[in-house]
Amino acid sequence: MARPFFLLYSLSDSLRSLFFIPTALALTTSLFILFYISSTSNLFTPHLHRHSRLHFLQNPSGLSPNLQSQPQSTLDFDSSTPKLGVTVDHGGDAKPLRSSNGRTVNVFHDHDIFIEDYIKMNESFKIYVYPHPRNHPFANVLLPVDFEPEGNYASESFFKKALNNSHFVTKDPTEADLFYLPFSIARLRHDPRVGIDGIQDFIKDYIFNISHKYPYWNRTGGADHFYVSCHSISRSAVRKAEEIRLNAIQVVCSSSYYVSTYVPHKDASLPQIWPRLEGDPHNVTSSVRKKLAFFAGSMNSPVRERLIKAWQNDTEISVHSGHLNTPYEEALLDSKFCLHVKGFEVNTARIGDALHHGCIPTIIANHYDLPFADILNWKSFSIIIATSDILSLQKILTSISTDEYAQLHNNVLEVRKHFQWHVIPVGFDAFYMVMYELWLRRSSVRVPLS
């Protein structure tokens, strides 16, 4: 009996050796691979990658020859001022904005990713604008305006004018990421040859013409095409051009989920901004704001009617139907929270007004795709309230602590540069933010048409 037991013991000892040797080899190999990765990659040293992004903020011209070659007016990075929600101390380290209780409150969903993508966009993004001669019968609709854009729907004209003078435009359609349909719905609306009743046929005919004259629309069913419109009539303007609604990217101010022609994630929200070529209000950072909240506007929706009925006699919340007897700008500067209340459409210029005057935008609307929501963390600089909570408005606003209000106000001053149009675009302004939204959508999903 001793022999079989001895043989079994010897066999088990051999088996243990067989298992030990490959395990040791595997462990040694893993350690070697780990050492190799750590010595050749920044996977374990993210601060180096972060430093390169900070270097871009402080010295963008030192990052890329392509960016160096662009005119300063197209980028306009001011290295003397902290950008994009960071402060820079004397040691050169980037620090996120912090509230007084120590919590980090960033105005971006992901600041580093945005900076990285923004650089790539400026280096490589190309758009082909369908060309039209100056003697075209509808040159007033298809070409940029010769004057400085004005009016409530100026965002549409500002974008077209800025794009046509930018480094993003290419005359070679083979290198284009997207194709721009340059018709202006706002100008079509006021053209006596077209008018409100003729817009749908005009756009239908326009798509028919470019799809027969050029091959680019037909390659994707229009999925790599886009148009820009700030007028609310855009919600019905494309009803006879089903391809636009299903496939093309719509950059519009009427970005409500209730609008059947607006498709979230495919389409993008355009900020409706009143032209402001003057400087900032002199007391925009004033901490002495007497009113808790302010609103003035037409009574063109049940939501606004409920607001006025609930708060028209309140001493802290100032709401008015129709026009004010006092200057509108003074009311914005005198209020902590400025109400953006759904009217006939969700879109108005009130968000831009509030930001410009250092007032916290307070949005009372349901299912509204806020401008630049892919990029900005709206909860860091605004208050969003459901329409069903109008009766709780005062309770909601007064529950915001002094520290929280100070952080919201600081972030308002930080983000408002992204809601400004300039005759010559400035880096990170509304034009560049819209371009970034388009860049994110340059590989849209194609929806087959039946």
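Above this text you will find the structure in question.
Overview of the structure. (Residues numbered from 1 in each chain as written. Predicted model: local features only at pLDDT ≥ 70, side-chain atom pairs only at ≥ 80, totals over all residues. Heavy atoms only, no water.)

1. A word on the packing of helix α5 (residues 111-124) against helix α18 (residues 430-440)
Packed helix pairs are characterised by how far apart their axes lie and by the angle those axes make with each other.
Piece 1. Packing of α5 against α18 leaves a shortest axis separation of 10 Å and a crossing angle of 90 degrees. As summarised for this structure, α5 and α18 are arranged roughly perpendicular, according to the angle between their axes. Listed contacts from α18 to Ile113, Phe114, Asp117, Tyr118, Lys120, Met121, Asn122 and Ser124 of α5 are Tyr432, Met433, Met435, Tyr436 and Trp439.
Piece 2. A breakdown of the residues in the contact of α5 with α18 according to their chemical character gives nine nonpolar, two polar and two charged. (Axes fitted to C-alpha atoms, helices over the stretch in contact; angles between N-to-C directions. Helix = DSSP H or I, 4+ residues; strand = E, 2+ residues; numbered from the N terminus. Parallel < 35°, antiparallel > 145°, perpendicular 65-115°, else oblique. Contact = heavy atoms within 4.5 Å. Nonpolar A, V, L, I, M, F, W, Y, C, P; charged D, E, K, R; others polar.)

2. Section: the state of the cysteines
Piece 1. In total, this model carries two disulfides according to the counting rule given.
Piece 2. Across the disulfide, Cys230 is cross-linked to Cys253 (sulfur-sulfur distance 2.1 Å). Across the S-S bond linking Cys230 and Cys253, the dihedral sits near -85 degrees, which makes this disulfide left-handed. Taken together, the residues span a long stretch of sequence, with Cys230 in the loop between β5 (225-229) and α11 (234-237) and Cys253 in the loop between β6 (249-252) and β7 (268-269) at a distance of 23 residues. There is no split in this pair, since Cys230 and Cys253 are both buried.
Piece 3. Linked covalently through their sulfurs, Cys338 and Cys359 form a disulfide whose S-S length is 2.1 Å. Residues Cys338 and Cys359 share a disulfide whose torsion about the S-S bond is about 105 degrees; that sign makes it right-handed. Taken together, the residues Cys338 in strand β10 (residues 335-341) and Cys359 in the loop between α15 (350-356) and β11 (360-364) connect sequence positions 21 residues apart. When sorted by exposure, Cys338 lands in the same class as Cys359, which is buried.
Piece 4. Ordinal numbering of bonded cysteines along the chain defines a disulfide pattern of 1-2, 3-4. (Disulfide = S-S within 2.5 Å. Buried < 20%, exposed > 50% of the residue type's maximum accessible area, 1.4 Å probe, protein only.)

3. Focus: the pairing of β6
Piece 1. Burial along β6 is two-sided: the face carrying Ile249 and Val251 and the face carrying Gln250 and Val252 are both buried.
Piece 2. Relative to β7, β6 runs parallel, the two being bridged by two bridges. Looking across to β7, one finds that Val252 is bridged to Ser269. (Pairing = 2+ DSSP bridges.)

4. Points about the packing of aromatic side chains
Piece 1. By the definition in use, this model includes 31 aromatic pairs.
Piece 2. When the ring of Phe183 is compared with that of Tyr227, the centres are 5.4 Å apart and the planes differ by 35 degrees; the resulting orientation is tilted. Here Phe183, found in the loop between β4 (178-180) and α8 (185-190), pairs with Tyr227, found in strand β5; they are 44 residues apart in sequence, far enough to count as distant.
Piece 3. In this structure Phe183 comes out as buried when scored by relative accessible area, which is 1%.
Piece 4. Given a relative accessible area of 0%, Tyr227 falls into the buried group. (Phe/Tyr/Trp six-rings, centres within 6.5 Å; stacked < 30°, edge-to-face > 60°.)

5. Observations regarding the pattern of salt bridges
Piece 1. Applying the stated criterion across every chain yields a total of eight salt bridges.
Piece 2. Lys240 is paired through a salt bridge with Asp201; the nearest N and O atoms lie 3.0 Å apart. With a gap of 39 residues between them, Lys240 in the loop between α11 and α12 (242-246) and Asp201 in helix α9 (residues 195-213) connect regions that are remote in the sequence.
Piece 3. Classification of Lys240 as partly exposed rests on a relative accessible area of 42%.
Piece 4. Residue class for Asp201 comes out partly exposed when judged on its relative accessible area of 34%. (Salt bridge = Lys/Arg side-chain N within 4 Å of Asp/Glu carboxyl O.)

6. Remarks on the sheet that holds β6
Piece 1. Taking strand neighbours across the sheet as the criterion, the five strands line up as β3-β4-β5-β6-β7 in an open arrangement whose pairing is parallel. Strand pairing shows two members of the sheet lacking a second neighbour, β3 (127-129) and β7, which therefore form its edges.
Piece 2. Pairing geometry for β4 and β5, over two bridges, is parallel. The residue of β5 that forms the bridge with Phe179 is His225.
Piece 3. This element, α18, spans β3, β4, β5, β6 and β7 of the sheet and lies at about 160 degrees to β6.

Read these as spatial facts, not as claims about activity.
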